[in-house]
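Structural description and commentary
Given next are the chains, with one letter for each unit.
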Amino acid sequence: MLLAVAAGWFLVLGMRFVVPAVLPTIREEFIISNTQAGLAVTVLWLTYAAVQFPAGVLIDRIGERTLLVAAALLSGVGLLGYFFAPVFSLFLIATGAFGLGTGLYGPTRGTALSRTFDAREGTAFGVVMAAGSLGAAALPAVAAFVTTRYGWRLALASAAPLFMLVAGALWLSVSDRPTSESERSLRRDLRTVLVGFRDRRLVLSVSGKTLMLFAFQAVTAFLTTYLVTVRGLSQGTAGALLSVLFVGGALSQTATGRLADRYGTPSVLTAVALVSTVPLVLIPSVHGVVPLAVVSGLIGVRMSVGPLANAYIVDTLPDAAEGTGWGLLRTGFFGISSLGSTAVGLLADQNLFAVAFYGLAGLTLLAAATFVVLPRRDRL
């Protein structure tokens, strides 16, 4: 079951970062501004966010198995839409469709892992999130290779059959939670969740995660574009540096999951946020492919916040409406963070790329300030 869920996240996260990886080629073909390019990435994340709350509600009613399978199938179908995107407006529609499909996967994956691996969920979340990081490292590089020879549409749509295979694996391996649809009330669940949202631990953990995610979404959306248009690197080299970012994320997630189980989630979250501030400050001043690769790898360290904060938040939510609460929170922090790429695009069109990176560093420091006062999970 862990392998099937991890394989799905490998594809979901990896393919979601293929669009930013080939964004310079897409911009050139459609002749669009940085702001429009940022809007495309915002559409991807915003549609992803929009499904989080409905998915959470459905988790408590029909269970994880059906939703995970549906998510994989819809994601595969959504990717096929890129074959029919000769203009930018249709590209946005295809992007939105793929975002909606992948949006079902995130909250369902989280509650399935929390329910199945209660004693070692930090490690389980770390494994799955590391698989996603590896997908984000490998798939953009593969897509860049395919794009060079066959075009970006085929690079995106060719992953559809893999989603179908994952859907079959999920159907065979995931068990459903007991549900009682006729007795459940969405209004009652929302009341339970809203009471839980008054918990200081939730406020702090969600706030810190939202700040980290906003900066992460923004920097990954435009790193390749910045390296190509400002630094003059080829798209192949820029795509490779983006892959290095996700390799750094995968390595750090594997380590920090174990560290959190041993030393406590808040301490590790604070350390990750502080370390993640440094590469954002260095991006505008570092030169050379090797130094940029080091900086890119350090940017990936911030991905460790994902599995750690997710496990903490899910643990803190009321058990009676865990799926509903988790979905509602994910809609909130993914919706807010989706604006990061558009914000950077606006600044980039004013030749303020450096200002954008410094601003994202400031938000990361603010996240560290919220994590440092977060109670330990063993005191929940």
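Positions within a chain are numbered from 1, following the residues in the order the chain's sequence is written. Two thresholds apply to this predicted model, a pLDDT of at least 70 for residue-level local features and 80 or more for giving and counting side-chain atom pairs, whereas whole-chain, interface and lining totals are computed over all residues. The side-chain figures draw on all heavy atoms in the structure; neither hydrogens nor water molecules are used.

**Looking at the overall build of the protein chain**
Strands are runs of DSSP state E lasting at least two residues, helices are runs of H or I lasting at least four, and both sets are numbered from the N terminus onward. When you go through the protein chain residue by residue, the secondary structure sums to 20 helices and zero strands. Computation of the radius of gyration draws on C-alpha atoms alone. For the globule rule, the value is 2.2 Å times the number of residues to the power 0.38. Taking 21 Å as the expected radius of gyration for a compact globule of 380 residues, we find that the protein chain reaches 19 Å, a close match to that expectation. With respect to the three principal axes, the spread of C-alpha positions in the protein chain is 55 × 45 × 30 Å. Burial classes follow relative accessibility: with a 1.4 Å probe on protein chains only, a residue under 20% of its type's maximum area counts as buried, one over 50% as exposed, and anything between as partly exposed. In the protein chain, which comprises 380 residues, the proportion classed as buried is 59%. The contact criterion used is simple: two residues touch if any of their non-hydrogen atoms lie within 4.5 Å. Of the contacts formed within the protein chain by residues at least 6 apart in sequence, a portion of 87% connects residues at least 24 apart. On the protein chain, roughly 14,100 Å² of surface is accessible, and the fraction owed to carbon and sulfur atoms is 69%. With residues, only the protein chains shown are counted as cover, and all accessible areas are computed by Shrake-Rupley using a 1.4 Å probe.

**Observations regarding the environment of G99**
Relative to the helices and strands, G99 resides in helix α7 (residues 88–103). Given the relative accessible area of 0%, G99 is considered buried. Separated by 45 residues in sequence, G99 and P54 place their C-alpha atoms 14 Å apart. Apart from the residues within four sequence positions on either side, G99 is in contact with L44, T47 and Y48.

**Structural notes on the confidence of the model for the protein chain**
One confidence number per residue, pLDDT, is output by the predictor and ranges from 0 to 100. When the pLDDT values of the protein chain are averaged, the result is 87; 94% of them are 70 or greater. The least confident element of the protein chain, judged by mean pLDDT, is helix α12 (residues 186–196) at 71; the most confident is helix α20 (residues 353–371) at 96.

**Re the pattern of salt bridges**
The term salt bridge refers to a pairing of a side-chain nitrogen on Lys or Arg with a carboxyl oxygen on Asp or Glu at a separation within 4 Å. Inspection of the entire model under this criterion finds two salt bridges. R153 serves as the salt-bridge partner of E29, at 2.9 Å between the closest nitrogen and oxygen. Highlighted residues: E29 in helix α3 (residues 23–30) and R153 in helix α10 (residues 152–157), separated in sequence by 124 residues. As a salt-bridge pair, E64 and R115 come within 2.9 Å of each other at their nearest N and O atoms. Within this pair, whereas E64 is found in helix α6 (residues 64–80), its partner R115 is found in helix α8 (residues 105–116), the two being separated by 51 residues in sequence.

**Looking at the packing of aromatic side chains**
Put simply, two rings from Phe, Tyr or Trp (the six-membered ring, in Trp's case) pair if the centres are within 6.5 Å, and we call them stacked under 30 degrees between planes, edge-to-face over 60, tilted for the rest. Taken as a whole and assessed by the stated rule, the structure comprises 21 aromatic pairs. Between F17 and F216, the ring centres sit 5.6 Å apart and the planes meet at 75°, which makes this aromatic pair edge-to-face. Of this pair, F17 sits in the loop between α1 (2–16) and α2 (18–21) while F216 sits in helix α13 (residues 200–229), and the two are 199 residues apart along the sequence. Both residues of the pair, F17 and F216, count as buried. Both rings, one in Y226 and one in F357, keep their centres 5.1 Å apart while their planes meet at 80°; by these two values the pair is edge-to-face. Here the residue Y226 occupies a position in helix α13, and F357 occupies one in helix α20, the gap between them amounting to 131 residues. Note on accessibility: Y226 and F357 belong to one class, buried.

**Brief notes about the nonpolar core**
Only buried residues count toward a nonpolar core. Its members are Ala, Val, Leu, Ile, Met, Phe, Trp, Tyr and Cys residues joined through side-chain atoms within 4.5 Å. In this structure, M15, F91, W152, L170 and F246 are the most contacted members of the largest nonpolar core, which totals 100 residues. Ignoring any residue separated from it by four or fewer positions in sequence, one finds F246 in contact with F17, S133, A136, A137, F216, T220 and M303. Core analysis: the second largest hydrophobic core is formed by 17 residues, A273, V301, Y312 and L374 among them.

**Some remarks on the environment of T220**
Inspection of the secondary structure puts T220 in helix α13. The exposure class assigned to T220 is buried, which follows from its relative accessible area of 1%. Apart from the residues lying within four places of it in its own chain, the contact partners of T220 are F17, P20, L242, L245 and F246. Here a polar contact is taken to be a pair of N or O atoms separated by no more than 3.5 Å, where protein atoms must pair a possible hydrogen donor with a possible acceptor and residues adjacent in sequence count only if both atoms sit in side chains. A distance of 3.3 Å separates the side chain of T220 from the backbone oxygen of Q217, its partner in a polar contact.

**Quick word on the packing of helix α19 (residues 339–349) against α20**
Lines fitted to C-alpha atoms define the axes, with helix axes restricted to the stretch in contact, and inter-axis angles between N-to-C directions lie between 0 and 180 degrees. Where α19 meets α20, the axes come as close as 7 Å, and the angle between the chain directions of the two elements is 145°. From α19, V344, L347 and A348 reach across to α20, where they touch F353, A356 and L360.

**Quick word on the packing of α8 against helix α9 (residues 121–150)**
Relative orientation of the contacting elements α8 and α9 amounts to 145°, with a least axis distance of 9 Å. As α8 runs across α9, the sense of the crossing is right-handed. Residue-level inspection shows R109, G110, L113 and S114 of α8 in contact with α9, the latter providing E121, A124, F125, V128 and M129. Crossings are sorted by hand: turned counterclockwise from the far helix by less than a right angle, the near helix makes the crossing left-handed, and turned clockwise it makes it right-handed.

**Here we look at the environment of I59**
Among the secondary structure elements, I59 is positioned in helix α5 (residues 52–62). A relative accessible area of 0% means that I59 is categorised as buried. Along the chain, I59 and W326 lie 267 residues apart, while their C-alpha atoms are 9.8 Å from each other.

**Comments concerning the side chain of T256**
With respect to the element layout, T256 can be found in helix α14 (residues 235–263). A relative accessible area of 9% places T256 in the buried class. Contact partners of T256, with chain neighbours within four places excluded, come to V268, V272, S304 and L308.

**Here we look at unusual backbone geometry**
With a phi close to 55°, I31 is a non-glycine residue in the positive phi region. Looking at where I31 falls in the secondary structure, it is placed in the loop between α3 and α4 (34–50). Unlike most non-glycine residues, N351 shows phi in positive territory, near 60°. By the element assignment, N351 lies in the loop between α19 and α20. Judged by relative accessible area, N351 falls into the exposed class, the value being 71%.

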